[in-house]
Amino acid sequence: MFDRNRMIEMHLQMLAELGWEPPSGDVIDQIAEGGVLTIQQAATICETTGQTIYRWNEDATSKGQPLGKKGVTWLIGRARLLDYIEKHQGGLPARVKAENRLREFWPIWSRAPEAA
């Protein structure tokens, strides 16, 4: 007979061996860790313009997976942006380049305004 909980546990163990870690924290933790970017930050790590990020978002939205959400300003999800780059804007090399640029810029962007 199928043991659902045992199967879930086995899959979680395999994922852990591959380096996956379950998400922790809340949205504030995600923001603090670079999980949410402004249009300009997204453009910087992608070495493009804000207008291009807007176009990418329109394209991704038409595919059912918007990159971000507009409130007072646009907020772009890091994971969605990187997935989009890999699938539609240059493949894995472009994704790795954007990830590396984010690692380069995030320590600067994440500092408190008085420390910047």
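Report on the accompanying structure. Worth saying up front: this structure is predicted, and the values here are computed from it rather than measured.

**Comments concerning helix H6 (residues 91-109)**
- With 19 residues, H6 ought to run about 27 Å at 1.5 Å a step, and its terminal C-alpha atoms sit 26 Å apart, in line with that.
- Its axis deflected by about 30° at Arg103, H6 carries its strongest bend there, up to four residues before the proline Pro107.
- Of all the residues in H6, the buried ones are Gly91, Arg95, Ala98, Arg101, Leu102 and Trp106.

**Looking at unusual backbone geometry**
- A positive phi is found at Glu47, a non-glycine position, where the angle reads about 50°.
- Positionally, Glu47 belongs in the loop between helix H3 (39-46) and helix H4 (50-62).

**Description of the layout of surface pockets**
- Estimates place the volume of the largest pocket at around 360 Å³.
- Together, 16 residues line the largest pocket, and Gln30, Glu33, Gly35, Arg78 and Ala79 are the ones closest to its centre.
- At the level of elements, helix H2 (27-32) and helix H5 (78-88) are the ones that each hand at least two residues to the lining of the largest pocket.
- Element by element, the count of residues in the lining of the largest pocket is highest for H5, at 5 residues.
- Grouping the constituent residues of the lining of the largest pocket by class yields 6 nonpolar, 4 polar and 6 charged.
- In this structure, the second largest pocket occupies an estimated 160 Å³ of space.

**Focus: the pattern of salt bridges**
- Within this structure, the stated rule accounts for 6 salt bridges.
- The partner of Arg101 in a salt bridge is Glu47, and the shortest N-O contact between them spans 3.3 Å. A residue pair is termed long-range when its members are at least 10 positions apart, and Arg101 in helix H6 and Glu47 in the loop between H3 and H4 qualify at 54 residues.
- On the accessibility criterion, Arg101 (18% relative accessible area) is buried.

**Describing the nonpolar core**
- Ile53, Trp56 and Leu81 are the most contacted members of the largest nonpolar core, which totals 19 residues.
- In this structure, Leu81 is in contact with Leu37, Ala42, Ile45, Cys46, Ile53, Trp56, Leu67 and Ile76, ignoring residues within four places of it in sequence.

Conventions we followed
Residues numbered from 1 in each chain as written. Predicted model: local features only at pLDDT ≥ 70, side-chain atom pairs only at ≥ 80, totals over all residues. Heavy atoms only, no water. Helix = DSSP H or I, 4+ residues; strand = E, 2+ residues; numbered from the N terminus. Expected span 1.5 Å × (residues − 1). Bend = angle between axes of the 7 residues up to and from the residue. Buried < 20%, exposed > 50% of the residue type's maximum accessible area, 1.4 Å probe, protein only. 1 Å grid on protein atoms, 1.4 Å probe; cavity = no way out; pocket = protein on both sides within 12 Å on 5 of 7 lines; lining within 4 Å. Points joined across faces, edges and corners; volume = space filled by probe spheres on them. Nonpolar A, V, L, I, M, F, W, Y, C, P; charged D, E, K, R; others polar. Salt bridge = Lys/Arg side-chain N within 4 Å of Asp/Glu carboxyl O. Core = buried A, V, L, I, M, F, W, Y, C linked by side-chain atoms within 4.5 Å. Contact = heavy atoms within 4.5 Å.

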